[in-house]
Protein chains: 2
Amino acid sequence: MAQQDSSITTRAENYSAWYNDVIAQGDLLDDAPVRGCKVLKPHGFGIWENIQKFFDQRFKDTGHVNAYFPLFIPMSFLSKEAAHVEGFAMECALVTHHRLRTTKDEAGNVAVEPDPASQLEEPLVVRPTSETIIWHMYGRWIDSWRDLPILINQWANVVRWEMRTRPFLRTAEFLWQEGHTAHATEAEAVEETLKMLDIYAEVAETKLAVPVVKGRKSARERFAGAVETYTIEAMMQNGWALQAGTSHFLGQNFAKAFDVTFQTKEETRDYVWATSWGVSTRLVGAVIMTHSDDDGLVLPPEVAPIQVVLLPAGPPKVWGQVMPKIDEIAAGLKAAGIRVKVDDRDNVRSGAKFFEWERKGVPLRLEIGPRDMEQGQAFAKRRTGGDKFGIAFDGIVEAVQAELTTIQCELFERARAQREACTYRVDSRAEFVEKIETQPGFYLIPWGGDDADEEAVRDETRATLRCFPMEQEPCDGLTCPLTGKPAQEWAIFARAY
Amino acid sequence: MAQQDSSITTRAENYSAWYNDVIAQGDLLDDAPVRGCKVLKPHGFGIWENIQKFFDQRFKDTGHVNAYFPLFIPMSFLSKEAAHVEGFAMECALVTHHRLRTTKDEAGNVAVEPDPASQLEEPLVVRPTSETIIWHMYGRWIDSWRDLPILINQWANVVRWEMRTRPFLRTAEFLWQEGHTAHATEAEAVEETLKMLDIYAEVAETKLAVPVVKGRKSARERFAGAVETYTIEAMMQNGWALQAGTSHFLGQNFAKAFDVTFQTKEETRDYVWATSWGVSTRLVGAVIMTHSDDDGLVLPPEVAPIQVVLLPAGPPKVWGQVMPKIDEIAAGLKAAGIRVKVDDRDNVRSGAKFFEWERKGVPLRLEIGPRDMEQGQAFAKRRTGGDKFGIAFDGIVEAVQAELTTIQCELFERARAQREACTYRVDSRAEFVEKIETQPGFYLIPWGGDDADEEAVRDETRATLRCFPMEQEPCDGLTCPLTGKPAQEWAIFARAY
């Protein structure tokens with residue numbers, strides 16, 4: 001479709017507008033005709049497909065298996081776990097009828113309406129998350145310690161009727177994976193919860209090149225129905241925090257709500273211990289916001305749907321001399337597992353092609369013209385900047401692989417440096433109130449407050465307690481600068497998406 | 001979970017009961033608490049995951065890309081294509097509210113109900129298929145011939161409120177892929193339609209080992225909104241037909257319904273040409289019904305979640321002598337890409353293990369005991385029968401690969417032979433009416449009837465016109481045995497799922 005306007009607002013100008021422009025220019029997503037829903041276009045979905053592959057492999061490496069549970073949950077299930085229903089009641093899509101009635105007006109136009117005769121006795125909730133239906137099923141599957149552990153993951157769509165949406169970060173329907181495990185002991189469930197948190201952090205940093213802080217959520221920020229919620233928190237370029245994944249220790253809450261007990265090795269009966277953990281298409285938003293620049297999308301090679309684009313240089317009439325070489329190199333790169341695209345469209349000028357692939361965040365561009373043929377090299381340009389440079393045809397596959405690795409590492413290091421630079425400490429509440437406004441970032445606070453203090457801070461500053469980092473310095477003897485109370489534990493406060 | 005009853009009804013006794021027993025004993029699926037919905041358990045979902053990988057790869061090899069469109073479709077969209085709404089109106093799940101209202105009784109029990117204040121202005125249909133929403137989006141994306149073709153596939157869940165359901169074959173919610181392509185010319189769209197039909201047949205036969213007949217549907221059996229529907233029809237062991245995949249040439253029907261035009265190279269404007277094509281989890285049912293036997297599930301190695309199970313023989317006390325070898329062999333098989341499971345549970349007797357893996361359809365079982373160690377070989381048993389035989393440790397990876405290939409081919413050949421044996425011709429309607437009852441199968445008919453004749457045959461015999469096979473013998477001069485009219489084209493009639 002012809003680009004109406006190809007300009008991108010700068011980050012400095014308006015970060016939110018910049019984000020939306022990057023997504024539009026990168027052709028990642030489009031608005032759907034349904035409130036709060038988006039269409040993941042091929043280039044945007046391709047990023048998610050790569051993210052999925054990495055997680056799915058790690059889940060299987062650690063003994064998990066995939067399964068599929070129904071989209072619809074009987075309404076009554078939600079209220080079985082009190083905190084859970086409190087958390088999701090306000091954003092549930094409800095199915096109440098199962099048939100349309102078609103009507104024709106005199107002009108013969110067909111119109112439709114729900115057939116009143118098809119109303120359901122009990123409405124169905126479109127899953128906002130699957131704990132309730134899965135624990136109902138686990139109740140049928142678990143009878144003895146021999147049936148444990150159950151280590152199941154599901155890739156699925158879920159619906160949460162959000163009023164304020166933002167592309168990838170918050171939409172009414174989104175795609176995710178939700179792991180739901182059942183264990184015979186508390187220790188084993190806690191170990192699982194933390195193991196998955198580690199896997200989330202590992203994939204985020206090594207594949208998405210998004211540095212994250214592993215931490216524990218405060219009671220106020222806990223998942224509805226969890227005993228403890230652990231999180232990986234990333235920092236976007238504007239200093240705001242983004243919760244990139246969560247892993248929950250559910251204790252025996254859902255086992256009790258759905259009466260799921262098992263016979264222990266000691267022949268007693270006990271409630272089953274549970275965990276659940278998930279990451280979603282929100283991670284695509286994290287990748288975009290972490291790496292992109294004022295020229296548009298920047299993608300780490302590991303998650304880029306297209307890692308290298310190959311183009312013939314010069315006018316189409318000379319391409320005959322270079323296309324055989326381009327196809328040969330493309331074949332070599334593909335054989336090495338590199339995702340390569342040859343752009344030999346003769347109805348688009350080179351400048352426009354460069355612009356398009358830059359907007360789509362392709363990490364590396366290779367051009368070959370007649371003169372390059374003579375010199376036996378391709379001209380390379382990194383999306384992340386720097387001058388063009390030559391790569392000899394001889395050994396080009398290894399050279400390209402090395403380039404991609406370098407780009408991947410640079411992006412991670414750049415993001416980590418930016419996070420360090422925007423991580424602050426303050427001596428007083430006044431200083432915090434002023435800085436959080438002018439200098440967004442992670443604020444490391446030796447926290448001494450309670451739920452009420454936490455809420456007061458949020459109301460005054462719009463900053464929330466993101467997490468208590470797993471890596472803690474001692475804070476004995478310190479006073480909490482935000483509450484004046486004795487510090488209990490280091491916490492990170494930030495504005496968050 | 002402790003198996004209550006591990007018996008399997010024989011096929012001869014009751015084919016439907018046999019199918020349900022095979023699924024239950026194979027631990028493939030379970031009933032969900034929502035009418036018509038099922039839970040795909042790990043072993044059943046694992047078969048679908050393998051099927052998905054094969055198709056996804058073939059789609060990408062042929063230039064298709066994946067995307068994701070919303071689950072919800074505005075109700076009014078359905079009625080834009082008249083035939084389409086006729087086809088789906090009777091089985092649509094409708095979302096009418098987006099919030100729950102929680103109430104507490106004096107005992108403090110929480111109950112919930114749809115919040116009347118959250119009723120939607122326009123109800124949303126949970127997608128039964130996505131042509132309407134996708135063509136709405138294509139209208140935004142297509143402007144010129146440069147935007148074509150669009151070759152998009154989507155892996156998704158869809159909902160069709162079926163009244164009579166059967167595991168895998170017909171459920172209210174099911175998983176599938178739906179390809180939706182847009183083209184500048186009729187010829188290109190027709191070519192795409194047939195190309196995907198060929199891919200469906202190729203994967204069904206080479207990976208699922210399910211022989212299929214490629215054919216064209218009659219007008220009565222056409223997809224709602226299609227100009228032509230093509231199908232791959234498989235035959236189950238009871239002689240019934242199973243539609244295993246369909247590819248539709250949609251002409252310009254949806255482009256007209258959603259007013260999607262493009263500027264041609266000749267600078268004129270024309271409506272876009274369309275195709276759509278899909279296969280679903282129903283294929284898992286086809287695999288089960290085609291290959292399984294009276295001892296339970298039989299899986300072709302290509303789609304088996306576990307291809308080889310390795311077990312130590314003899315009492316646990318002697319396992320120390322064999323486990324290192326078993327782990328070494330397992331590692332070797334895994335390295336060769338073979339899906340292997342080591343069953344070293346010491347709380348389950350060998351006999352029970354053999355029984356369990358047989359029920360789960362694992363193609364090949366390998367046992368190693370102390371005596372086998374001395375003889376330097378493992379004892380192998382095929383799920384498809386025959387005596388145990390030795391496989392020398394030396395070169396065992398290649399030997400196992402060869403075994404799996406042989407089993408895959410044998411299953412396909414066996415299924416093809418069974419289909420040939422159950423493909424009949426008849427000389428008269430009387431003969432057909434009698435035989436279809438006593439001898440279910442594919443009946444090759446030089447068909448001369450019209451829609452009314454087709455319906456009459458179905459009403460009298462419960463057999464339907466499955467397809468007009470792509471491979472046609474001449475039928476000029478022949479008279480249709482079912483209608484007495486001059487034959488126009490060879491057709492297959494059968495009882496079908």
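Residues numbered from 1 in each chain as written. Chains lettered and ligands numbered in written order. Predicted model: local features only at pLDDT ≥ 70, side-chain atom pairs only at ≥ 80, totals over all residues. Heavy atoms only, no water.

(A) Quick look at the packing of helix H1 (residues 15-25) of chain A against helix H8 (residues 282-291) of chain A. Residue and element names in this part refer to chain A. In the contact formed by H1 and H8, the axes pass within 11 Å of each other and the chain directions differ by 110°. Judged by the inter-axis angle, H1 sits roughly perpendicular to H8. The element H1 and its partner H8 pack so that their crossing is right-handed. Contact residues: H1 offers Tyr15, Trp18, Tyr19, Val22 and Ile23, while H8 offers Gly285, Ile288 and Met289. Here the contact of H1 with H8 is composed, by residue class, of seven nonpolar, one polar and no charged. (Axes fitted to C-alpha atoms, helices over the stretch in contact; angles between N-to-C directions. Helix = DSSP H or I, 4+ residues; strand = E, 2+ residues; numbered from the N terminus. Parallel < 35°, antiparallel > 145°, perpendicular 65-115°, else oblique. Left-handed = near helix turned anticlockwise from the far one by under 90°. Contact = heavy atoms within 4.5 Å. Nonpolar A, V, L, I, M, F, W, Y, C, P; charged D, E, K, R; others polar.)

(B) Region of interest: helix H5 (residues 131-141) of chain B. Burial analysis of H5(B) places eight of its eleven residues in the buried class, which makes it a mostly covered element. Where H5(B) is concerned, the buried positions are Glu131(B), Thr132(B), Ile133(B), Ile134(B), Trp135(B), Met137(B), Tyr138(B) and Trp141(B). (Buried < 20%, exposed > 50% of the residue type's maximum accessible area, 1.4 Å probe, protein only.)

(C) Region of the structure containing the confidence of the model for chain A. The share of residues in chain A with pLDDT of 70 or more is 99%, and the mean pLDDT across the chain is 96. In the predicted assembly, ipTM is 0.96 and pTM is 0.96. (pLDDT = per-residue confidence, 0-100.)

(D) Representation of unusual backbone geometry. Cis geometry is found at the peptide bond from Leu148(A) to Pro149(A), where omega equals -5°. The phi dihedral of Asp27(A) falls on the positive side, at around 55°, and the residue is not glycine. Notably, Glu267(B) is not glycine yet its phi reads approximately 70°, a positive angle. Checked against the element boundaries, Glu267(B) lands in the loop between strand S14 (261-263) and strand S15 (269-271).

(E) View of the interface of chain A and chain B. Counting residues at the interface gives 71 residues for chain A and 71 residues for chain B. Summing the contributions of chain A and of chain B, the shared interface buries around 6100 Å²; its carbon and sulfur component is 68%. If you look at where chain A meets chain B, you find four salt bridges. In this structure, Lys60(B) engages Glu49(A) in a salt bridge whose closest nitrogen and oxygen atoms are separated by 2.8 Å. (Buried area = accessible area lost by both parts, 1.4 Å probe. Salt bridge = Lys/Arg side-chain N within 4 Å of Asp/Glu carboxyl O.)

(F) Here's a closer look at the state of the cysteines. With the rule as written, the count across this model stands at zero disulfides over all chains. The cysteine Cys475(A) is free of any disulfide, with Cys480(A) supplying the nearest cysteine sulfur at 9.7 Å. (Disulfide = S-S within 2.5 Å.)

(G) Representation of the sheet that holds strand S17 (residues 308-312) of chain A in the model. All names here are of chain A. Ordered by their spatial adjacency, five strands build an open sheet running S18-S17-S19-S20-S21, and the pairing between neighbours is mixed. Of all the strands in the sheet, the pair left with one neighbour each is strand S18 (340-342) and strand S21 (389-392). Averaged over all neighbouring strand pairs, the angle between strand axes comes to 30°, with direction disregarded. In the sheet, strand S20 (residues 377-382) pairs with S21 via four bridges, with the strands oriented antiparallel. Bridge pairing in S21 links Phe379 to Gly390. Docked against the sheet, helix H10 (residues 350-359) engages S17, S18 and strand S19 (364-368), running at close to 180° with respect to S17. (Pairing = 2+ DSSP bridges.)

(H) Here's a closer look at the environment of Cys480(A). Its place among the elements puts Cys480(A) in the loop between strand S24 (464-469) and strand S25 (489-494). In this view, Cys480(A) contacts Ile445(A), Pro446(A), Trp447(A), Gly448(A), Lys485(A), Pro486(A) and Ala487(A); residues no more than four positions away in its chain are not counted.

(I) Geometry of the side chain of His98(A). By secondary structure assignment, the location of His98(A) is in the loop between strand S5 (94-97) and strand S6 (100-104). His98(A) sits in the buried class, given a relative accessible area of 10%. Not counting the four nearest positions on each side in its chain, His98(A) is found in contact with Ser118(A), Leu120(A), Met90(B), Glu91(B), Cys92(B), Ala93(B), Trp161(B) and Met163(B).

(J) Broad picture of the pattern of salt bridges. Residue and element names in this part refer to chain A. Tallied over the entire structure, the rule returns 82 salt bridges over all chains. Across the pair Arg216 and Glu228 runs a salt bridge whose closest N-O atoms are separated by 3.7 Å. Here the residue Arg216 occupies a position in strand S11 (residues 212-216), and Glu228 occupies one in strand S12 (residues 228-235), the gap between them amounting to twelve residues. Overall, the relative accessible area of 21% leaves Arg216 in the partly exposed class. Among the salt bridges present, the one from Glu437 reaches Arg495, with a minimum N-O distance of 2.7 Å. Of this pair, Glu437 sits in helix H13 (residues 429-438) while Arg495 sits in the segment after S25, and the two are 58 residues apart along the sequence. The class for Glu437 is partly exposed, based on a relative accessible area of 48%. For Arg495, a relative accessible area of 6% puts it in the buried group. Through salt bridges that share partners, Asp343, Arg345, Lys353, Glu356 and Lys360 make up one connected network.

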